Each structure stands twice: as C-alpha cells, then as structure tokens.
Amino acid sequence: MVMFRPCSYPFFYILWNLATPSFALILPPLDKIKMGMTEILKEECEDESDDCDCAFVWDIDATRGHQVATKVFETLAECAKEDTKIWFPSFKNYQGEIDRLTEVLNENSALLGGLQTNCEHWPEVPASVIEVTWPDGQSSVECYEKESESAIEAAIKATENYVEEYICGIGLCPFTKSMKQAAVNLESVGVKEGPVGIRHAGNIPSSKAATPAAVMAAMYWQGVTEIIERPETEVSTFLLVAPSYYDDKFEAFFTACGDLIEKTTILSPGSVGRVWFHPQYKLSEVGESTGGHAPPISEIDDLFDQYLSRNPGIDRPPIEEIEFGHDKTRWTPHATINLLRSSQLKAAKDNQSRAKVFVSNILKILKKVKNKAA
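Residues numbered from 1 in each chain as written. Predicted model: local features only at pLDDT ≥ 70, side-chain atom pairs only at ≥ 80, totals over all residues. Heavy atoms only, no water.

A. Here's a closer look at empty space enclosed by the protein. For the coordinates displayed, the defined rule picks out 1 cavity of 30 Å³ or more. If you trace the largest cavity, you find it lined by Leu76, Cys79, Ala80, Lys81, Leu112, Gly113, Trp134, Ser207, Ala209, Ala210, Thr211 and Ala214. Classifying every residue of the lining of the largest cavity by side-chain character gives 8 nonpolar, 3 polar and 1 charged. (1 Å grid on protein atoms, 1.4 Å probe; cavity = no way out; pocket = protein on both sides within 12 Å on 5 of 7 lines; lining within 4 Å. Points joined across faces, edges and corners; volume = space filled by probe spheres on them. Nonpolar A, V, L, I, M, F, W, Y, C, P; charged D, E, K, R; others polar.)

B. Expanded view of helix H7 (residues 212-229). The end-to-end C-alpha distance of H7 is 26 Å, a good match for the 26 Å that 18 residues give at a rise of 1.5 Å each. Among the 18 residues in H7, 14 count as buried, and that is most of the element. (Helix = DSSP H or I, 4+ residues; strand = E, 2+ residues; numbered from the N terminus. Expected span 1.5 Å × (residues − 1). Buried < 20%, exposed > 50% of the residue type's maximum accessible area, 1.4 Å probe, protein only.)

C. Layout of unusual backbone geometry. The step from Trp122 to Pro123 runs through a cis peptide bond, and the omega angle for that step is 15°. Secondary-structure assignment places Pro123 in the loop between strand S3 (116-120) and strand S4 (129-133). Phi is positive for Ala80, close to 55°, though the residue is something other than glycine. For Ala80, the position within the fold is in the loop between helix H4 (65-78) and strand S2 (84-87).

D. Summary view of the sheet that holds strand S10 (residues 336-341). Spatial strand order, S7-S8-S10-S9: 4 strands in an open sheet with mixed pairing. Either end of the sheet is taken by a strand with one partner, and the two such strands are strand S7 (196-200) and strand S9 (272-277). The average undirected angle you get between the axes of adjacent strands in this sheet is 20°. By the bridge criterion, 5 bridges tie strand S8 (residues 237-241) to S10 in an arrangement that is antiparallel. Across the sheet, the residue bridging to Phe238 is Leu339, located in S10. Lying over the sheet, helix H6 (residues 149-168) contacts S7, S8 and S9, oriented at roughly 150° with respect to S7. Against the sheet, H7 engages S7, S8, S9 and S10, with an angle of about 20° to S10. (Pairing = 2+ DSSP bridges. Axes fitted to C-alpha atoms, helices over the stretch in contact; angles between N-to-C directions. Contact = heavy atoms within 4.5 Å.)

E. The pattern of salt bridges, seen in detail. Counted according to the given criterion, the structure contains 14 salt bridges. A salt bridge links Glu103 to Arg100, with the shortest nitrogen-to-oxygen separation between them at 2.9 Å. Taken together, the residues Glu103 and Arg100, both in helix H5 (residues 97-107) and 3 residues apart, mark about one turn of the helix. A residue is classified by how much of its surface remains accessible, and Glu103, at 42% relative accessible area, is partly exposed. A salt bridge links Arg316 to Asp301, with the shortest nitrogen-to-oxygen separation between them at 2.4 Å. Here Arg316 is found in the loop between helix H9 (297-310) and helix H10 (319-328), whereas its partner Asp301 is found in helix H9, with 15 residues between them in sequence. Overlapping salt bridges, with partners in common, bring together Arg100, Glu103, Glu107 and Lys263 in one network. (Salt bridge = Lys/Arg side-chain N within 4 Å of Asp/Glu carboxyl O.)

F. Quick look at the packing of aromatic side chains. A full pass over the atoms with the stated rule returns 8 aromatic pairs. Look at Phe250 and Tyr281: their rings are 5.2 Å apart centre to centre, the planes differ by 55°, and that puts the pair in the tilted class. On the criterion of sequence distance, the pair formed by Phe250 in helix H8 (residues 250-264) and Tyr281 in the loop between S9 and H9 is long-range, its members being 31 residues apart. Each member of the pair, Phe250 as well as Tyr281, is classed as buried. Aromatic ring contacts, followed pair by pair, group Tyr245, Tyr246 and Phe253 into a single cluster. Directly above the ring of Tyr245 sits Lys249, whose terminal nitrogen or CZ lies 4.5 Å from the centroid. (Phe/Tyr/Trp six-rings, centres within 6.5 Å; stacked < 30°, edge-to-face > 60°. Lys NZ or Arg CZ within 6 Å of the ring centre and 35° of its normal.)

What follows is the structure in structure tokens.
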C-alpha cells in the first residue's frame with residue numbers, strides 16, 4: 001500500500017505514486033529538488049535518521065566534493081560522538097567521491113576517535129548519506145584540548161613573524177613580499193596579488209570529544225573551500241596552524257596529513273596545493289616523500305648539480321648540511337599546513353626552475369644559520 005501526505009504532495013506526485021508500487025522507482029533526489037519537492041525529500045531523510053536514532057545533518061547546498069568534505073569534517077569535529085546521518089541530496093557522486101571518503105574515514109578510525117562510517121545512495125535511501133556511528137570502546141588518541149585565546153593569538157603572531165623573517169626576509173618564496181602581498185609578479189600569467197591568510201585550529205567549532213585530526217581536517221577543508229570560492233585578491237594563500245597537540249609530535253602530524261588529509265584530496269582534484277610544515281620537520285623520518293612533503297634528498301642532490309653547473313663560483317655544501325638546510329626550509333613555529341592555489345603553482349613552475357628555488361633556499365638558510373652562530 002502506498003502512503004502519502006494528501007495535504008503536502010503535489011497532485012501529479014500522488015497520481016505517480018498510485019501507479020508505482022515499487023520503492024525503487026521513487027523519484028531521484030535531484031528530480032524532487034527540481035520539481036519543488038525539497039521539503040518532502042527532507043522529511044523522508046529525517047524519518048530515515050529517526051528510524052536509526054541518529055542525529056540529522058542536512059546539506060542541500062553541497063554540490064562539489066570540497067563542500068561534502070567540509071561538512072563531514074565539521075560534523076566530526078562538533079558531534080560529540082553522537083551517531084549521525086549526514087545527507088547530501090544535491091551531490092551527484094558520479095566519481096564515487098562519497099564512497100571513497102567513507103573508506104578513508106574508516107581507514108583512519110583510530111585517528112578520528114573510533115568511528116565507523118557507511119554510505120548509501122538512492123534508491124536504497126532517499127538521497128546520498130554518510131552514516132557515522134561510534135561503537136563501544138575507547139580510542140587510543142587523545143581528545144583535542146582547545147587552546148586558550150591568548151595561546152591562539154600568540155601562535156598566529158609567531159606565524160606572522162615567520163612569514164616576515166623567513167618567507168619575505170630571506171626570500172624563501174620569491175612571490176611573497178609581505179603578509180599583505182603574496183603571488184606578486186605573476187599578473188603576466190594571469191595570477192593576481194592577494195594577502196596571506198592565517199587560520200588557527202582553536203577557532204574551529206569542536207566538541208570536547210573531538211580528536212586533533214578531526215579538527216585539523218575540518219580546518220583544512222574550510223581553508224580549501226575558501227581558496228576555491230573566494231577571489232585571490234581577498235586571500236591568496238593560507239597558513240593553517242594545526243592543534244598544538246602536534247607541535248612536538250612530528251610523526252603524528254605527518255601521519256594525519258598523509259593518511260587522512262592527503263587521501264581525501266580526491267574531493268578537490270587539482271584545485272589546491274598543500275605543503276606540510278613543522279618545527280621538527282625531518283624528511284628522513286617521513287619515508288616515501290609524497291603529497292605535501294619536501295622533495296626527496298636524491299632530487300635535491302641532482303638539483304645542486306644543475307645549479308652549480310650554472311653558478312661555478314659557488315661551493316657545494318657537505319651532504320649533511322644540504323639535508324639540514326632542506327629540512328629547515330620546512331621549519332615553522334607550529335605545525336602548519338600551507339594551502340596554495342593551483343594557478344599559483346602552475347605560474348611559479350612556469351617562471352622558476354626547481355633548481356633555482358630549492359637550491360637557493362637551502363643556501364639562504366645555511367647562510368642565515370652561520371650568520372647567527374658568528
């Protein structure tokens with residue numbers, strides 16, 4: 001028997017249901033939205049959530065992968081380990097993005113507090129949904145202890161000072177002149193100047209049950225969303241200061257970046273570049289150099305060969321100094337993720353050889369260290 005609400009359903013929909021007894025033939029969610037039946041669809045999703053005794057999260061505006069990822073990680077940061085269904089009625093999922101995101105969440109269950117996730121799609125359910133549950137048992141990962149306002153302000157100030165002293169002061173990034181001027185001298189290739197933005201994980205809404213990884217991922221995806229959706233004149237690049245939990249835990253930081261964040265970047269392919277920074281960055285501890293990590297030392301060694309062949313008057317530092325300088329180019333006051341626009345990366349690649357950038361940065365770092373020691 002087909003059930004319907006005679007007071008709220010359009011007449012054509014009632015007739016269609018009377019002639020269609022199979023649940024599998026109910027209209028897809030996007031068709032319902034186009035036909036003005038959004039509230040009906042929302043009620044169906046709420047009923048599904050209520051039947052499972054789950055909290056109901058509804059995001060009808062998410063049509064792109066980065067918006068889905070942002071909503072999921074914001075929910076994980078805020079939900080206080082409450083079973084939850086997150087609905088994405090407008091997302092088409094053509095490339096299986098929701099399914100892949102669900103897999104990554106499960107692979108990183110321990111980092112995220114012991115969750116389990118499952119996804120379903122129409123026609124099994126009214127719309128695409130990610131269900132998050134929290135089986136009994138304690139996670140081995142500490143919960144995120146939110147920093148005080150004064151600690152957040154100090155971390156942001158230290159990051160600003162780092163930009164002025166290293167990024168601009170000794171020129172580690174030739175395209176950044178100040179906090180207000182990044183991506184300079186790239187207008188000829190279609191990239192406009194804009195300011196450097198700084199965000200801190202302590203300003204991300206989170207529950208006391210949230211883990212550092214969940215909060216960092218929420219901050220990352222909020223930053224990605226801003227980079228994609230805001231013009232470059234408003235924000236050119238972001239420095240995202242991670243939870244202070246990671247400041248003395250380099251392995252935990254690069255594990256969360258590589259195993260969790262890097263694997264979710266399929267939801268914004270080619271849109272945003274990312275670079276991992278840490279006060280204890282040491283490439284030899286990373287293993288395989290992928291994603292946002294520094295290039296392998298073997299590549300740097302080859303780049304030195306190219307650079308010195310063009311600059312024969314410069315002495316080659318010992319390999320241990322090269323390794324030290326290469327690591328130190330990634331040292332920041334706090335664990336930090338740098339977000340870069342893909343247009344900037346392409347323009348910089350077109351305008352600067354890797355040998356010139358990486359080798360000269362190592363030489364600048366070594367010179368600064370020696371000058372301080374003198």
